[in-house]
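The primary structure of each chain is shown beneath.
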Amino acid sequence: MKSTMQDSPLGVPLLMRHVARVNGRSRVGAFDAQRQPITRTFAELAARAGRLGSALEQRGFGSGAVIGTLAGALPEHLEAYLGVPASARVLHTINPRMHADQIVHVATLADDEAMIVDAGNLGKFHEIASRLPRLRLLVTVGGPLPGDLAASLPCETIDYEALLAQGEPRLDWPIIDEHETAILCFTGGTTGLPKGVGYSHRSVWLQAMSLCTANSLGLGSASRLLPAVPLYHVNGWGLPFAALMAGADLALPGASLQAPDLLALIDAEAPTLAAGVPTIWSDLLAHLRAMQRTHLGALTTIACGGAQVPQSLIDAYAALGVRMLQAWGMTETSSMSAISQTPGWIASADRATQARCAAAQGRVVCGLEARVADLGGTLLPCDGASVGEIQIRGPWVTHGYLGQDDHAHLHDGWLRTGDLGTIDADGFISLTDRVKDAIKSGGEWIPSLALEEAIRSHPAVLDVAVVALPDPRWQERPGAVVVLAPGAGATPDELAQWLVTRVAKWWLPERWAFVDALPRTAVGKMDKKRVRQMMLERIDAAATAAEQC
Ligand code: ADP
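Residues numbered from 1 in each chain as written. Predicted model: local features only at pLDDT ≥ 70, side-chain atom pairs only at ≥ 80, totals over all residues. Heavy atoms only, no water.

K.L.:
When you look at the site of the ligand in this model, what are you seeing that I'm missing?
P.N.:
Taken together, the neighbourhood of the ligand is formed by 17 residues, with H233, A327, T331, D419 and K525 sitting nearest. For the ligand, a nitrogen atom lies 3.0 Å from a polar atom in the backbone of G306. Interatomic distance of 2.6 Å between a side-chain N/O atom of D419 and an oxygen atom of the ligand. Notes on the ligand: free accessible area 570 Å², of which the protein chains cover 92%. It is strand β14 (residues 323-330) that contributes the most residues to the shell around the ligand, five residues altogether. Considering only residue class, the shell around the ligand consists of five nonpolar, nine polar and three charged. Here the shell around the ligand spans two domains, and each of domain 1 (12-317) and domain 2 (363-436) adds at least three residues to it. (Near = heavy atom within 4 Å. Polar contact = N/O pair within 3.5 Å; in protein donor to acceptor, adjacent residues only side chain to side chain. Areas by Shrake-Rupley, 256 points an atom, 1.4 Å probe, with all protein chains shown as cover. Helix = DSSP H or I, 4+ residues; strand = E, 2+ residues; numbered from the N terminus. Nonpolar A, V, L, I, M, F, W, Y, C, P; charged D, E, K, R; others polar. Domains from an automatic or database assignment.)

K.L.:
For this particular structure, what's the right way to read the domain arrangement of the protein chain?
P.N.:
Reports of interface size often rely on the accessible area that becomes lost once the parts have come together. The assigned domain composition of the protein chain is domain 1 (12-317), domain 2 (363-436) and domain 3 (439-548). Put simply, the middle of domain 1 and the middle of domain 3, counted by C-alpha atoms, are 36 Å apart. Taken together, the 15 residues of domain 1 in the interface contact 10 residues of domain 3. In this assembly, domain 1 packs against domain 3 so that about 1,100 Å² is buried in total across both faces, 55% of it on carbon and sulfur atoms. Connecting domain 1 to domain 3 are zero salt bridges. For the pair domain 1 and domain 3, the number of links is four residue pairs in polar contact (both at pLDDT 80 or more). (Contact = heavy atoms within 4.5 Å. Buried area = accessible area lost by both parts, 1.4 Å probe. Salt bridge = Lys/Arg side-chain N within 4 Å of Asp/Glu carboxyl O.)

K.L.:
When you look at the sheet that holds strand β6 (residues 137-141) in this model, what are you seeing that I'm missing?
P.N.:
Adjacent strands of a sheet pair through backbone hydrogen bonds, lying either parallel or antiparallel. If you trace the seven strands from one edge of the open sheet to the other, you get β7-β6-β5-β3-β4-β8-β9, paired in mixed fashion. Of all the strands in the sheet, just β7 (156-159) and β9 (196-200) have a single pairing partner and so form its edges. Mean inter-strand twist for the sheet, computed between neighbouring axes without regard to direction, equals 25°. Here strand β3 (residues 66-70) runs beside strand β4 (residues 90-93); their pairing, made up of four bridges, is parallel. (Pairing = 2+ DSSP bridges. Axes fitted to C-alpha atoms, helices over the stretch in contact; angles between N-to-C directions.)

K.L.:
Hey, could you run me through the packing of aromatic side chains in this one?
P.N.:
Each aromatic ring pair is described using two quantities: the centre-to-centre distance and the angle formed by the ring planes. One pass over the full model with this rule turns up four aromatic pairs. With 5.3 Å between their ring centres and 40° between their planes, Y81 and F241 make a pair best called tilted. Residue Y81 is found in helix α3 (residues 75-86), and its partner F241 is found in helix α9 (residues 239-246); the two are separated by 160 residues along the sequence. Using a relative accessible area of 1% as the deciding quantity, one classes F241 as buried. The side chain of K440 reaches across the aromatic face of W445, ending 4.8 Å from its centre. (Phe/Tyr/Trp six-rings, centres within 6.5 Å; stacked < 30°, edge-to-face > 60°. Buried < 20%, exposed > 50% of the residue type's maximum accessible area, 1.4 Å probe, protein only. Lys NZ or Arg CZ within 6 Å of the ring centre and 35° of its normal.)

K.L.:
Can you help me understand the environment of R477 in this one?
P.N.:
Topologically, R477 is positioned in strand β25 (residues 475-484). Given the relative accessible area of 7%, R477 is considered buried. Linking R477 and D527, residues 50 residues apart in sequence, is a C-alpha distance of 19 Å. Of the polar contacts made by the side chain of R477, one reaches the backbone oxygen of W506; its length is 2.9 Å.

Structure, rendered in structure tokens:
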């Protein structure tokens, strides 16, 4: 029997109308490109977003035209989040920290016809503009380009405010099929060329709604959210859309995620909830300690993910009165897919279960399903012990990549995440590694995330990366690259001794290196590919030196 329910499409136009008509008084607080405080109500934001969409239409950017952005987390970028998809165009948020060749690759694949660029990224734009023949408009945020500079570009240029002045603040956009792409994001490209994922109007809506549920972030109209996440990283983790949906005030970090700037924003906007990768929060912690600050105002919760969250970080924030929730997700799953909210029954569970849940990445949010399989595809039990690749499916998980027909990343319609781990009987996911970073020693996996956590628990260790190194006998053995805490000292022997009582003896790394900082990706995650390369070069150099002696 067919239901009697109406079938109105989900998506950004519906969200935009809600923002304007119901959440109009909520506000965005931010720093502009000159680090001056700036405030906009959601109603103003929606009206300006409407003008943007209307002006793009008037300039002949047809339905489905792709508009790129090279910009920090500025209010104008947020306006593009709404105005571009609500007017049936596609927003492509580009990571400006990528190499110029990679930007040309993603902008060509996406077929960007216009680009919105803030003042800090104009240099990058100059590097790529002549290599993008389909690009016909540069929109500058932060003022018009000087005439001679504009004349040197192969496309027309216009100041963002001048473009807005050409549009109407209309909210009655055409009905868009909810399966059409609203936002296009590319993967980080740490393992090859970045791959494009198109988020549909429907998936954007459903994922934002899931972030608002209590078992996820529980965003509501009394929340004030600080997304300490670049807007180009996985659709800003979906956080801007969730805040707009909930009517939660937004504190936007602008172009900088540096600890002093974040702290200034926290002091100015008093967010109650924040989200970001572990590096952001460990940098902020170091800054707080240097300033002898012991509070973060109204901030009570931080959702932290994108990389393994060290227990020491969770404990340090707990001491500041902030609950750190670990979250797991990826570009392909529209960000946060699992989150470590604590269920009520945990208090009466046995100690082993309590410990496993506390260390886990979390449980999938309702709407997504996860399972575990070996690399051949055979399903494994969800018993908290069987390690395999986590597979996931759901309405905001991608089934493919832009311009690719290859479906090797799918298994019976489930996405192979490339993450290794276990799922227990209660649904808690515990990651052990990424498939590409895994260490297989004598046929057995050594979980690099657990080994890193054990090394990091040594008081002299600030950070560590464990990588697979080739070994003639065992095929692979772990090598550890350590960053020592300021003023602290530790030898490889001391660290190995520390590990003896904490991990299996055969996990102990034979090779150690000490560095001042670990290489990071553009979004602040540890870049294991470069760490491994660095270790291999050191081993080669040591072998050459030994031969020469
Ligand atoms: P990239 O491939 O550039 O890292 P993503 O930002 O999509 O792009 O990264 C997703 C990956 O980040 C996941 O597949 C997983 O390996 C890792 N990750 C995300 N959250 C966590 C977490 N809480 N713990 C460990 N790893 C995580």
